[in-house]
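# Structural characterization, general
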Amino acid sequence: MSATVSSPVCARQPSTTHSPAFRALVAGLDALADGSGSAAELRGDPGSGKTWLLSALADEARRRGIRVLRGCATEYQSASPYHLVADAFANPLGDRSGAPSAADPAALVRTLAHGPFNGPDIAAAPRTDRGCEFLRAVNGLLRDWSQDGLLLIMDNVHWADPDSLKVLDYLLRQRITIPLYLVVAQRPRQAAPRLRGTLAQGVEQRTVRRIELAPLTLRQSAALVGMEPDAPLLRRLHRESDGVPLYLGALARVAARAGLTAQSAPDGPIPVKAVPEELAARLLSETGALAPDELLVLQACAVVGSPVDSRVVSQVAGLDDQRTCEILDTLNARDLLRATDEDAPSLVFRHPLLRRAVYDDLAPCSRIKAHRRAAGARAVLGAPDHEVARDVERFASQPLPEQAALLHRAAHQVLATDPATAVRWLRLALQGLPTGPERGQVLLTLATALASTGALAESDEILLELLDAERAAPAGLRSAAVGLGARIRAALGHYVEARSVLAAGTDADPLRASDGDGGEHVAVLLLQGFIDLLAGRPPAREEVDEALRLAPRTADPANLAGAYAMDALHAALTGDASRAAAAADLAAAAVDRLGANAGGHPEYLAAVGWSELLLGRPASAERHLARGEAALRATGQGYLRPVFLLGLTFGRIGLARLDEARDTAAAAEAAVTESGLECGLAKTVASVSGVLGALTHRPGGPAAPLVSQNGHWSTLARLWLAEAAQLAGDHQLGLNLLSPVATDPALPQLPPPVRPRAHELLAGASAFRGQPAAVWALQAATAAAAGPAHDRAFALAAEAHLARQNGASGRAAALYEEAAGLLEPTEALWARAWTLANAATCLAESDGAWRAEPLRARAEAITGRAVVPEPVAVPRILGAPLSHRPGGEPARQAGSGAALSVLTDREREVATIAGAGLRSREVAERLHLSPRTVDVHLNRIYRKLNITSRSALVRLMAERS
């Protein structure tokens, strides 16, 4: 008779009346109305709301006119006999009839609890006889007071004295036959073994109802703190609180004091500078009953941190290992510490807030001494530098040279995952270092760490200081500082200054081989090409040629890979399609041969990936850009991540993974905010994220306008967003996006390799909207005349759109099929699925549905191979509503009331729920299906209703309602 229900929540003003747990408790009060008795166990971790629920239950009982007795055990009185029972019977709250009866069994209870009876017979009786007399007295009280119903609440039973536990054990072992409702509340981890067994037996025999307070759900947490469920800060609070109301409320107050808003999304944990005073007092009250050496070990654990290393704890506490382990077991039994993994057992604090409260309660001088001992112990045990550094920073305000070196090594270890901590340690290390090469290395690492936190301007200032002060620095240090400085300037949008930094920081002429094998000079040339990429222009041809000439002579194979990559990028951006394809093949092979070493040159991976995007190779581009983005995160160069994430967004659009593209764009937007990137690409990222969000989340809503309409990045974004609009079935948006670059039909603003695709998009969108498509079909043929096969495929698709618009369905079908055949060996999955689906529609119009089905199946197979989390339905018609089919007869509106009649019952259920805006996973949960099964139903729904996307389904269902 056990049920797991969630604990009570409230929207700022606590209310438990609608909580599942509260309803389960109230069921026992309902039984009292029929004269029936029952028992319940309320179980929950500290802070889960047990006492809060019991108070609400007591209020409800009194409202119904039911007598309430409530006892609460405390740890300080756990050795007082019968204290819990006496506490309940000595405080008959809510009596309707005033004082207890004159028979005075309550006096017997109080006397047994606080001292011997005055009567000689009782005082001289053996302990067992006194226990039996006590039980008879309790029974008498319960019978007398329960005639009209009695609620007996026993709270904090995990701290109850042994004699009270015997009474509860006795009451729970027998079926309650009087109108008594007994509620026992306790922490399961600290429950007495015997009572735990009795309760388990009662649950099995259905004489005890078990109510477990599960962690809050996300929606319950939202109600408790007054935020929307999708607020980024709420998700962080919910995760860090473990769904415990006590901790959730405290962390919400901490976040508010730190100035965080509901839309804040901090990278790390909520910054807890101090535990709220009221919570700290409550948590520390649990440590008051600890023995001195137990408190000492707990404080040592707070200094050492989680997971607890018993060897370090014993050194900090000054106890031997055996005694320390015994105390750690005691602290675990008291639920101050918890074991985390049975296979590799380790101890952690019950919650970080408890650890912080214990730590803050230590005297400052004691904390410093404890950290000094902890650092020494960790060093002896061979702990990683970053673990030792966390202690060193607590006591070394002026670190010694060896401590500064340790802090520097530790900063390198955490730079990729926690750059803010790296910055803190590096600033401290500088306090102990004079001018010299060691200080220069620390400054360089500090500049890198600052850039990773988004402090690009401060990073730039430190690099200038380094280059001015360390003129005699080793060549490697100076060249690394120059390279980082150039990247930082480019990220800030100062492209000319970035090139100037490179020119001023190198002795060699940019176009002349340097001393040695020329490797450093090639690296400079390639970095100049990357700066050009950020600036939105092709790398300089003469610099690319110089890199290609020198790279084979160098000892570093990465130089050759980078030279091929820049050659491919230049050729793609300037329209040399054959050279671009050949160079991209060489570059891809070269960076793949580098393996993990390619991560040291993410700019080369960027050049390869972007050239592959321009050449219509989205899968290859995704592979290389994903490697580069991972390398940036691993090396603390997060300020360049948007370059890669934007490319990944476009690649995933080309692979028909629209939802994934939207999420990648959102990640790119967050990376821009975090990194402080200020170049033209950064300004475009927000617009891309807004448009994709509008396509996938806000059907029919306004799309975010593109900024810098004449910029290189904005122009490229318009092309891929128009493809996303086609994928989502919003062809008017496609026209709107491309219209600023379509003022000249030749589309000179776009790089030559993508013009045929742009012309096809314009032809298709125009045909969908009933606008002239002939000019775009003609331009597509012209642009593809000397291009590769996939360019000719786009020209054929554009011609098919025109034929379709002119009512020549048979010819259009043939052209679509021919275009799909040319796209067969390419990576353009969505374009191939699109042409096949349109061929199927045209065949259905000209020859009948039986001819179209194989093409539809092939189109669906292609989108399936794209591995879409929520597979995108391919279009079944050339147009959004059927009534807008160019060149065709007006057809039945998909939004009519009769439209759903073509669906099965299950399909109607899926359509109704998905049409309300829920994702496949949420639909699956409601209907107890797998997400894949939901996707299959959605594909059938799209086909039957003649719609092309989930957004169209949402619009259709909205029109019906």
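The model shown is predicted, which means the values in this text are computed figures rather than measured ones. (Residues numbered from 1 in each chain as written. Predicted model: local features only at pLDDT ≥ 70, side-chain atom pairs only at ≥ 80, totals over all residues. Heavy atoms only, no water.)

Before going further, it helps to examine the overall build of the protein chain. A count of helices and strands for the protein chain gives 45 helices and eight strands. The burial tally for the protein chain puts 55% of its 961 residues in the buried class. Within the protein chain, contacts between residues at least 6 apart in sequence are counted, and of these 67% link residues at least 24 apart. For the protein chain, the computed accessible surface area is about 39300 Å², with 53% contributed by carbon and sulfur atoms. (Helix = DSSP H or I, 4+ residues; strand = E, 2+ residues; numbered from the N terminus. Buried < 20%, exposed > 50% of the residue type's maximum accessible area, 1.4 Å probe, protein only. Contact = heavy atoms within 4.5 Å. Areas by Shrake-Rupley, 256 points an atom, 1.4 Å probe, with all protein chains shown as cover.)

This part is about the packing of helix H35 (residues 731-738) against helix H36 (residues 755-768). Between H35 and H36, the shortest axis-to-axis distance is 9 Å and the interhelical angle comes to 135°. On the basis of the axis angle, H35 is oblique to H36. The two elements H35 and H36 meet at a crossing, and its hand is left-handed. Contacts from His 731, Leu 735 and Leu 738 in H35 reach Ala 758, Leu 761, Leu 762, Ala 765, Ser 766 and Phe 768 in H36. Residues belonging to the contact of H35 with H36 are distributed by class as follows: seven nonpolar, two polar and no charged. (Axes fitted to C-alpha atoms, helices over the stretch in contact; angles between N-to-C directions. Parallel < 35°, antiparallel > 145°, perpendicular 65-115°, else oblique. Left-handed = near helix turned anticlockwise from the far one by under 90°. Nonpolar A, V, L, I, M, F, W, Y, C, P; charged D, E, K, R; others polar.)

Within strand E3 (residues 67-72), five of the six residues are buried, which leaves it mostly tucked inside the rest of the structure. Note that E3 and strand E4 (residues 150-155) share six bridges and pair parallel. By the bridge assignment for E4, Val 68 is matched with Leu 151. (Pairing = 2+ DSSP bridges.)

So, on to the environment of Glu 286. Within the fold, Glu 286 resides in the loop between helix H12 (277-284) and helix H13 (292-304). The exposure class assigned to Glu 286 is buried, which follows from its relative accessible area of 7%. The spatial distance from the C-alpha of Glu 286 to the C-alpha of Thr 74 is 10.0 Å, given a sequence separation of 212 residues. Dropping the residues within four chain positions of it, Glu 286 is found in contact with Glu 75, Arg 187, Arg 334, Leu 336 and Arg 350.

This part covers empty space enclosed by the protein. Tallying each qualifying case throughout the model produces five cavities of 30 Å³ or more. Looking at the largest cavity, its volume works out to about 240 Å³. Considering the residues around the largest cavity, the lining is formed by 22 residues, among which Leu 613, Gly 616, Glu 723, Arg 757 and Phe 794 are closest to the centre. Breaking the lining of the largest cavity down by element, the ones donating at least two residues are helix H29 (602-614), helix H31 (641-654), helix H34 (712-728), helix H38 (789-805) and helix H40 (829-846). The residue inventory of the lining of the largest cavity, partitioned by class, reads 14 nonpolar, five polar and three charged. One number sums up the size of the second largest cavity: a volume of about 70 Å³. Contributing to the lining of the second largest cavity are Ala 722, Ala 725, Gln 726, Asp 730, His 731, Gly 734, Leu 735, Leu 738, Leu 761, Leu 762, Gly 764 and Ala 765. When residues of the lining of the second largest cavity are traced back to their parent elements, those giving at least two are H34, H35 and H36. Counted by class, the lining of the second largest cavity contains seven nonpolar, four polar and one charged residues. (1 Å grid on protein atoms, 1.4 Å probe; cavity = no way out; pocket = protein on both sides within 12 Å on 5 of 7 lines; lining within 4 Å. Points joined across faces, edges and corners; volume = space filled by probe spheres on them.)

Moving on, we get to the pattern of salt bridges. Once the charged atoms of two side chains with opposite charge are near each other, the side chains can pair. Following the criterion strictly, the structure yields 53 salt bridges and no others. One salt bridge in this structure joins Glu 60 and Arg 64, with 2.9 Å as the shortest N-O distance. You can call Arg 64 partly exposed: its relative accessible area is 35%. The salt bridge partner of Asp 169 is Arg 194, with a shortest N-O separation of 3.3 Å. Of this pair, Asp 169 sits in helix H7 (residues 162-173) while Arg 194 sits in helix H8 (residues 193-204), placing them 25 residues apart in sequence. (Salt bridge = Lys/Arg side-chain N within 4 Å of Asp/Glu carboxyl O.)

Looking now at the side chain of His 937. Looking at where His 937 falls in the secondary structure, it is placed in helix H44 (residues 931-945). The buried category is assigned to His 937, whose relative accessible area is 12%. Each residue touching His 937, except ones within four places of it in the same chain, is listed here: Arg 906, Glu 907, Val 910 and Leu 929.

The subject of this paragraph is the packing of aromatic side chains. The full count for this structure, using the stated rule, is five aromatic pairs. Ring geometry for Trp 610 versus Trp 713: centroids 5.0 Å apart, planes at 70°, classification edge-to-face. Of this pair, Trp 610 sits in helix H29 while Trp 713 sits in helix H34; the two residues are 103 residues apart in sequence, bridging distant segments of the chain. Classification of Trp 610 as buried rests on a relative accessible area of 2%. (Phe/Tyr/Trp six-rings, centres within 6.5 Å; stacked < 30°, edge-to-face > 60°.)

Relative to the assigned elements, Arg 804 resides in helix H38. Its relative accessible area of 3% is what places Arg 804 among the buried residues. In sequence terms Arg 804 and Ala 767 are 37 residues apart; their C-alpha atoms lie 8.1 Å from each other.

Detailed reading of the predicted coordinates is not advisable wherever pLDDT is low. Overall, the predicted model of the protein chain reaches an average pLDDT of 81, with 85% of residues at or above 70. Contacts of residues 1-18 to residues separated by more than four positions or lying in other chains number 64 contacts, the stretch itself having pLDDT below 50. Predicted confidence for residues 698-704 stays below pLDDT 50, and this span has 14 contacts to residues more than four positions away or in other chains. (pLDDT = per-residue confidence, 0-100.)

Along an α-helix, residues three or four positions apart point the same way, because every turn accommodates 3.6 residues. Compared with the 24 Å implied by 1.5 Å per residue over 17 residues, the 25 Å span of helix H25 (residues 519-535) between its first and last C-alpha is a close match. Downstream of H25 by a residue or two, Gly 536 has a phi angle that is positive, lying close to 80°. (Expected span 1.5 Å × (residues − 1).)

The subject of this paragraph is the packing of H25 against helix H27 (residues 557-574). At a closest axis distance of 10 Å, the pairing of H25 and H27 adopts a crossing angle of 30°. It follows from the interaxial angle that H25 and H27 lie roughly parallel. In this structure, H25 meets H27 at a crossing whose hand is left-handed. Taken together, the residues of H27 that come into contact with H25 (itself represented by Gly 519, Val 522, Ala 523, Leu 526, Gly 529, Phe 530 and Leu 533) are Asn 559, Gly 562, Ala 563, Met 566 and Leu 569. In the contact of H25 with H27, the residues fall into eight nonpolar, four polar and no charged.

In terms of nonpolar packing, the biggest core is built from 179 residues, with Trp 610, Phe 650 and Leu 692 touching the most fellow members. For Trp 610, the residues in contact, after removing those within four places along its chain, are Leu 533, Leu 569, Leu 625, Val 643, Leu 646, Gly 647, Phe 650, Trp 713 and Leu 716. Judged by nonpolar contacts, the second largest core, of 53 residues, contains Val 225, Leu 290, Val 304 and Ile 327. (Core = buried A, V, L, I, M, F, W, Y, C linked by side-chain atoms within 4.5 Å.)

The buried fraction of strand E2 (residues 38-43) amounts to six of the six residues, a majority that puts the element mostly inside the structure. Here E2 pairs with strand E6 (residues 208-214) via five bridges, running parallel. The partner of Leu 42 across the bridge, within E6, is Ile 211.

Let us look at the side chain of Arg 662. Among the secondary structure elements, Arg 662 is positioned in helix H32 (residues 658-675). We classify Arg 662 as buried; its relative accessible area is 6%.

Here the amide bond leading from Ser 306 into Pro 307 is cis, since omega sits at -5°, within 30 degrees of zero. With respect to the element layout, Pro 307 can be found in the loop between H13 and helix H14 (310-317). Not every positive phi belongs to a glycine, and Arg 206 is a case in point at roughly 65°. Within the secondary structure layout, Arg 206 lies in the loop between H8 and E6. A positive phi angle is found at Asp 335, which is not glycine, with a value near 65°. Residue placement: Asp 335 occurs in the loop between helix H15 (321-333) and strand E7 (337-339).

Inspection of the secondary structure assignment puts Leu 42 in strand E2. Of the residues examined, Leu 42 reaches a relative accessible area of 0% and is grouped as buried. Residues Leu 42 and Arg 187 lie 145 residues apart in sequence; the distance between their C-alpha atoms is 8.7 Å. The contacts of Leu 42, once residues within four sequence positions are left out, are Leu 25, Lys 50, Leu 53, Leu 54, Val 184, Ala 185, Gln 186, Ile 211 and Leu 213.

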